[in-house]
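A look at the structure
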Amino acid sequence: MKIGVLALQGAVSEHINMVKSLGVEAIPVKTVEEIKVIDGLIMPGGESTTMGRLITKFGLENVIKERIKEGMPVYGTCAGMILLAKRIKNYNQFSLGILDITVVRNAFGRQIDSMEVDLQVKGLEDPFHAIFIRAPVAIDLGSDVDALASLEEGVVFLKQGNVYASAFHPELGNDPRIHKMFIESVKSFLNK
Ligand code: GLN
């Protein structure tokens, strides 16, 4: 099993280390050829407008969409969640248009740069200590989107088919449970 972490910008090495700590191969990817041969893709946090521009510049839009259609699991964190959304509130910027959600960028107010919350997550027994950095939330979820964790401002962890997205950063910190959940979905994709 090989997990690719989109390496155009943002928190790449943290995801790679977290996946490796679970005994799974993880590599940075930034070309069409590399994305064709991975079994799961993580889209990291960073700056969604910059990353969107780079996805276009490197011509990666179609290959990512095709692999998602094939059923390959994808997990977007923070800016990655914004890039997967169909709708972005108040911004006219690139996105892949996969997740049937409206994303609100910087949803916790510009003055709140980061925060940490013990979050109740569907499927996890104990709360997850979640780190948010200028984070978005999701609202207006389509009927096939499963909300896995929510705060007052909106949904912060969700799943639609083979695509996961979180507003927080599980790659920062040392709790691998969210990555484990994602890797389980890659396992079942490979066993199909
Ligand atoms: N605020 C950033 C954006 O809108 C996302 C921040 C992050 O990924 N940590 O793109």
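Computed from a predicted model, the values in this text were never measured in an experiment.

Definitions and limits used
Residues numbered from 1 in each chain as written. Predicted model: local features only at pLDDT ≥ 70, side-chain atom pairs only at ≥ 80, totals over all residues. Heavy atoms only, no water. Helix = DSSP H or I, 4+ residues; strand = E, 2+ residues; numbered from the N terminus. Rg over C-alpha atoms; globule rule 2.2 N^0.38 Å. Buried < 20%, exposed > 50% of the residue type's maximum accessible area, 1.4 Å probe, protein only. Near = heavy atom within 4 Å. Polar contact = N/O pair within 3.5 Å; in protein donor to acceptor, adjacent residues only side chain to side chain. Areas by Shrake-Rupley, 256 points an atom, 1.4 Å probe, with all protein chains shown as cover. Salt bridge = Lys/Arg side-chain N within 4 Å of Asp/Glu carboxyl O. Phe/Tyr/Trp six-rings, centres within 6.5 Å; stacked < 30°, edge-to-face > 60°. Lys NZ or Arg CZ within 6 Å of the ring centre and 35° of its normal. Contact = heavy atoms within 4.5 Å. Pairing = 2+ DSSP bridges.

1. Let's talk about the overall build of the chain
Looking only at helices and strands, the chain features six helices and 12 strands. Taken over the C-alpha trace, the chain has a radius of gyration of 15 Å; the compact-globule value for 192 residues is 16 Å, and the two agree within 12%. A principal-axis box enclosing the C-alpha atoms of the chain has dimensions of 40 × 40 × 30 Å. Out of the 192 residues belonging to the chain, those deemed buried represent 53%.

2. Considering the site of the ligand
Taken together, Gly 45, Gly 46, Glu 47, Ser 48, Cys 78, Ala 79, Ile 82, Arg 105, Asn 106, Ile 133, Arg 134 and His 169 make up the full set of residues adjacent to the ligand. For the ligand, an oxygen atom lies 2.9 Å from a polar atom in the backbone of Gly 46. Separating an oxygen atom of the ligand from a backbone N or O atom of Ala 79 is a distance of 3.0 Å. Coverage of the ligand by the protein amounts to 96% of the 300 Å² it exposes when considered alone.

3. Section: the pattern of salt bridges
In this structure the tally under the stated criterion is eight salt bridges. Of the charged contacts, one joins Arg 134 and Asp 113 as a salt bridge, the two residues approaching to 3.7 Å between their closest N and O atoms. In this pair, Arg 134 sits in the loop between strand 8 (128-133) and strand 9 (137-139) while Asp 113 sits in the loop between strand 6 (99-104) and strand 7 (114-119), placing the two residues 21 residues apart along the sequence. For Asp 113, a relative accessible area of 42% puts it in the partly exposed group. One salt bridge connects Glu 184 with Lys 187, and the closest N-O pair in it is separated by 3.3 Å. One end of the pair, Glu 184, and the other, Lys 187, are both in helix 6 (residues 177-190), three residues apart, so they sit about a helical turn from each other. Take Glu 184: its relative accessible area is 43%, and that puts it in the partly exposed class. When its relative accessible area of 39% is taken as the criterion, Lys 187 is described as partly exposed.

4. What about the packing of aromatic side chains?
Under the criterion given, the structure shown has eight aromatic pairs. One aromatic cluster in this structure is built from Tyr 75, Phe 108, Phe 128, Phe 132, Phe 157, Tyr 164, Phe 168 and Phe 182. A cation over an aromatic ring shows up here: Arg 105 above the ring of Tyr 91, its NZ or CZ 4.3 Å from the ring centre.

5. Some points on the environment of His 129
The topology assignment puts His 129 in strand 8. For His 129, a relative accessible area of 40% gives the class partly exposed. Separated by 58 residues in sequence, His 129 and Lys 187 place their C-alpha atoms 25 Å apart. In contact with His 129, other than residues within four places in its own chain, are Glu 116, Val 117 and Asp 118. Looking at His 129, its side chain comes within polar contact range of the side chain of Glu 116, at 2.6 Å. Within the structure, the side chain of His 129 is placed 2.9 Å from the side chain of Asp 118, a separation counted as a polar contact.

6. Description of the side chain of Gln 93
With respect to the helices and strands, Gln 93 occurs in the loop between strand 5 (85-88) and strand 6. Residue Gln 93 is classed as buried on the basis of its relative accessible area, which comes to 16%. A distance of 3.0 Å separates the side chain of Gln 93 from the side chain of Ser 48, its partner in a polar contact. Side chain to side chain, Gln 93 and Arg 105 meet in a polar contact 2.6 Å long. Contacts of Gln 93, omitting those with residues within four sequence positions, involve Ser 48, Thr 49, Ile 82, Ile 88 and Arg 105.

7. Description of the pairing of strand 10 (residues 146-151)
Where strand 10 meets strand 11 (residues 154-160), five bridges bridge the pair, whose relative direction is antiparallel. Counterpart to Leu 151 in the pairing with strand 11 is Gly 154. As consecutive antiparallel partners, strand 10 and strand 11 are separated by two residues.

Just distances and angles here, no functional claims.
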